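Survey of secondary and tertiary structure
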Protein chains: 2
Amino acid sequence: MKSARRSSDCRRSSCPIANALDLLGDRWTLLIVRDLVFRGFREFGQFLAGGERIATNILAERLDRLRCAGLAVRCDHPVDGKRYRYYLTEKGIDLIPVLVQLSLWGAKYTPDHAAPEKVLREMRADPDRVVAGLRASLLKELGVVRKS
Amino acid sequence: MKSARRSSDCRRSSCPIANALDLLGDRWTLLIVRDLVFRGFREFGQFLAGGERIATNILAERLDRLRCAGLAVRCDHPVDGKRYRYYLTEKGIDLIPVLVQLSLWGAKYTPDHAAPEKVLREMRADPDRVVAGLRASLLKELGVVRKS
DNA sequence: CCGGATCCGTTTCGATACTG
DNA sequence: CAGTATCGAAACGGATCCGG
């Protein structure tokens, strides 16, 4: 675990967006958060097989980063014992509005994407409601996990 | 101008977020868009001096990328003749909701940032109104520029 | 001077192989 | 299964050069 903070100390951030981008401004981090939010992925292997061909070392480092930054927590697998599960914290859950807006933008401007049109319609119609729904479900799950 | 698309062809994106991140998932692109939206920067030199120490080659490449992707346009300077000005297109302007949500998240979780508290309060209270205001002003500016 | 383009040393990424 | 080790490739960053 010698990774942690290498890139975040070089820019004397002066605005909330720059601060956020210090953590999220790379090709993979937000994609992992997306998988945690929309696809319900929780385990290393799921992210690996998640379609986007992330390398194992990159995935490990990003998961580590997310934990160091307090966006995610790692828990032992309830039965397996040799695997872990990753859950978003409140801080990570609070990124859902960003993901929703990013989805809407991406859906508007990139013709080919395999996103369920139903969810997109809901997002367009009432983004706050979609955010609230996802947030509630993830918070509930987090509450259960934390007690264990 | 041989740059253009080098990184975007490697990932067979399957969701709007991945598509969006293909363009925006790096350390600088969204920062430049932020400067176009919130700081009113329009010229190369402004971005360079904008505080974050971006290198000239990186800046040039990112501005080029934004133009190739249709997020920005480059116009001649009205009086100087040897400088340019960059403006967001509608596609770029549509990123404002993302920036606003990113601002709110960053402001919530990073204590030290030099963002005007007034705007943050407005964003928290009524993000849609803030988005609409910024959008209207940028669209108007774009309209004027396009006629010239 | 302004807006880049080019060169080059350094850092980070990413694919594969390997380990507990 | 969940990572680490390695190593080549790409990106970054600084400096410098160039055309207008």
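Residues numbered from 1 in each chain as written. Chains lettered and ligands numbered in written order. Predicted model: local features only at pLDDT ≥ 70, side-chain atom pairs only at ≥ 80, totals over all residues. Heavy atoms only, no water.

1. Some remarks on the environment of Ala114 of chain B
Our working definition: Under the scheme used here, helices are H or I runs from DSSP no shorter than 4 residues and strands are E runs no shorter than 2 residues, and both carry numbers assigned from the N terminus. Each residue is assigned to one of three classes by its accessible area relative to the maximum for its type, calculated with a 1.4 Å probe on protein chains only: buried under 20%, partly exposed between the two thresholds, exposed over 50%. The criterion used for residue contact is that any of the two residues' heavy atoms lie within 4.5 Å.
Structurally, the position occupied by Ala114 of chain B is in the loop between α6 (96–109) and α7 (117–125). You can call Ala114 of chain B exposed: its relative accessible area is 64%. What Ala114 of chain B contacts, discounting residues up to four positions off in sequence, is Ser14 and Cys15 of chain A.

2. Side note on the protein's contact with DNA strand C
The line we're drawing: Whether a residue is near a molecule or strand depends on its heavy atoms: it is near if one of them lies within 4 Å of it. Here a polar contact is taken to be a pair of N or O atoms separated by no more than 3.5 Å, where protein atoms must pair a possible hydrogen donor with a possible acceptor and residues adjacent in sequence count only if both atoms sit in side chains.
Around DNA strand C, the structure places 21 residues, and the nearest of them are Trp28 and Asn57 of chain A together with Thr56, Arg74 and Tyr86 of chain B. A share of 61% of the atoms of DNA strand C within 4 Å of the protein falls on sugar and phosphate groups. In this structure, a phosphate oxygen belonging to DNA strand C sits 3.1 Å away from a main-chain N or O atom of Gly45 of chain B. Of all the secondary-structure elements, those providing two or more residues to the surface near DNA strand C are α4 (56–68) of chain A together with α3 (44–48), α4 (56–68) and β2 (84–88) of chain B. By residue number, the principal contributor to the surface near DNA strand C is α4 of chain A, which donates 6 residues.

3. Regarding the relation of the copies chain A and chain B
Worth spelling out the cut-off: Superposition of the copies used a least-squares fit over C-alpha atoms from residues whose pLDDT is at least 70 in both.
The two copies are related by a screw operation: chain A maps onto chain B through 180° of rotation and 0.0 Å of translation along the axis, at an RMSD of 0.1 Å. Put plainly, the chains are arranged around a two-fold axis. Across chain A, the rotation axis passes nearest the C-alpha of Asp26 of chain A, at a separation of 2.3 Å. Comparing interface residues between copies, 100% of those in chain A also lie at the interface in chain B; the contact surface is shared.

4. Quick look at the interface of chain A and chain B
Accessible area lost when the parts come together is the quantity often used to give the size of an interface. For clarity, the threshold we go by: Put simply, buried area is the surface a 1.4 Å probe can reach on two separate parts but cannot reach once they are joined, added for both. We count a salt bridge whenever a side-chain nitrogen from Lys or Arg sits within 4 Å of a carboxyl oxygen from Asp or Glu. Three classes are used: nonpolar for Ala, Val, Leu, Ile, Met, Phe, Trp, Tyr, Cys and Pro, charged for Asp, Glu, Lys and Arg, and polar for all others, with Gly counted as polar.
Listed as interface residues are 48 residues of chain A and, on the opposing side, 48 residues of chain B. The contact between chain A and chain B buries some 4200 Å² in all, and 62% of this surface belongs to carbon and sulfur atoms. Of all residues in chain A, the largest losses of buried area upon contact with chain B belong to Ile17, Arg27 and Trp105 of chain A, amounting jointly to 18% of the total for that side. For the pair chain A and chain B, the interface holds 2 salt bridges. Where chain A meets chain B, there are 10 residue pairs in polar contact (both at pLDDT 80 or more). Of all the secondary structure elements, the ones that give two or more residues to the side of chain A that touches chain B are α1 (16–24), α2 (29–39), α5 (90–93) and α6 (96–109) of chain A. Per element, the largest residue contribution to the side of chain A that touches chain B is 11 residues, and it comes from α6 of chain A. Of the residues in the side of chain A that touches chain B, the class split is 23 nonpolar, 11 polar and 14 charged.

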